[in-house]
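Residue-level structural notes
Take a look at the letters that make up each chain.
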Amino acid sequence: MEKQLFIASRLREVLLNGYWIANTNYQEQLADISWEQAILKINNLNTIAALTYHINYYLKGLLAAFETGKLEINDKYSFDLPEIVNKNDWDKLRSDFFINAALFADKVEQLNAEIFDKPFFDEKYGSYLRNIEGVVEHSYYHLGQIVLIKKIITQ
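In this report, the structure presented in the accompanying data block is examined. (Residues numbered from 1 in each chain as written. Predicted model: local features only at pLDDT ≥ 70, side-chain atom pairs only at ≥ 80, totals over all residues. Heavy atoms only, no water.)

A few words now on a nonpolar patch on the surface. Together, M1, L5 and F6 give the surface a local cluster of nonpolar side chains, amounting to about 350 Å² of exposed area. When you line up the elements, L5 lands in helix α1 (residues 3–17). (Patch = residues over 30% accessible without salt bridge, like charges linked within 9 Å, V, L, I, M, F, W, Y side chains within 5 Å. Areas by Shrake-Rupley, 256 points an atom, 1.4 Å probe, with all protein chains shown as cover. Salt bridge = Lys/Arg side-chain N within 4 Å of Asp/Glu carboxyl O. Helix = DSSP H or I, 4+ residues; strand = E, 2+ residues; numbered from the N terminus.)

Dropping the structure here:
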């Protein structure tokens, strides 16, 4: 399997429809979370909404970078979740997340395999491969947090 197809498959697995690594995915975990549950603060943990926004921030920012050739996202803004005050706000965040997840996986699938060894916008960030694999790993990390927070909330 070509590298871009393999990585796109891994992205879809964690974000949209896979079960192999975590036996779940974001789409499944977020499907039955109400907006009230999404914003519920448990001790000093991030909320489910904040974690959803955080991953979507990177997906959206990387999609923009692929289009413009400029990487303009900044970690310090990655948790700047707009206030969620009703179901529509939460539904919009989830919808944007799933749209960006599908678009990002599609974009990775369309990349030329040779690009994976090239610098990711700037040599200081390492290669495309390292950064896109980082999206997969980062997504699993926060998916685990969402699963645990969801268990706490629904007990």
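With that out of the way, let us pick up the environment of Q4. Position of Q4 among the secondary structure elements: in helix α1. Judged by its relative accessible area of 8%, Q4 is buried. Note: C-alpha distance between Q4 and E114 (110 residues apart in sequence) is 9.5 Å. Non-local contacts of Q4, meaning those with residues more than four positions away in its chain, are made with V108, E109, L111, A113 and F116. In terms of polar contacts, Q4 uses its side chain to reach the side chain of E2, at 3.0 Å. (Buried < 20%, exposed > 50% of the residue type's maximum accessible area, 1.4 Å probe, protein only. Contact = heavy atoms within 4.5 Å. Polar contact = N/O pair within 3.5 Å; in protein donor to acceptor, adjacent residues only side chain to side chain.)

On to the packing of α1 against helix α6 (residues 128–154). Where α1 contacts α6, the two axes come as close as 10 Å, and the packing angle between them is 15°. Judged on the interaxial angle alone, α6 and α1 are roughly parallel. Our pair here, α1 against α6, has a crossing hand that is left-handed. On the side of α1, the interface is formed by K3, I7, R10, L11, E13, V14 and L15, while α6 contributes L129, I132, V135, V136, S139, Y140 and L143. (Axes fitted to C-alpha atoms, helices over the stretch in contact; angles between N-to-C directions. Parallel < 35°, antiparallel > 145°, perpendicular 65-115°, else oblique. Left-handed = near helix turned anticlockwise from the far one by under 90°.)

A word on the pattern of salt bridges. Pairing is possible between side chains that carry opposite charge, provided their charged atoms lie close to one another. All chains considered together, the criterion is met by 6 salt bridges. Residues D91 and R94 are paired through a salt bridge, measuring 2.5 Å at the closest nitrogen-oxygen approach. Here D91 pairs with R94, and both are found in helix α5 (residues 87–110), just 3 residues apart, close to one helical turn. By relative accessible area, D91 is classed as partly exposed at 24%.

Nothing here speaks to function; it is all geometry.
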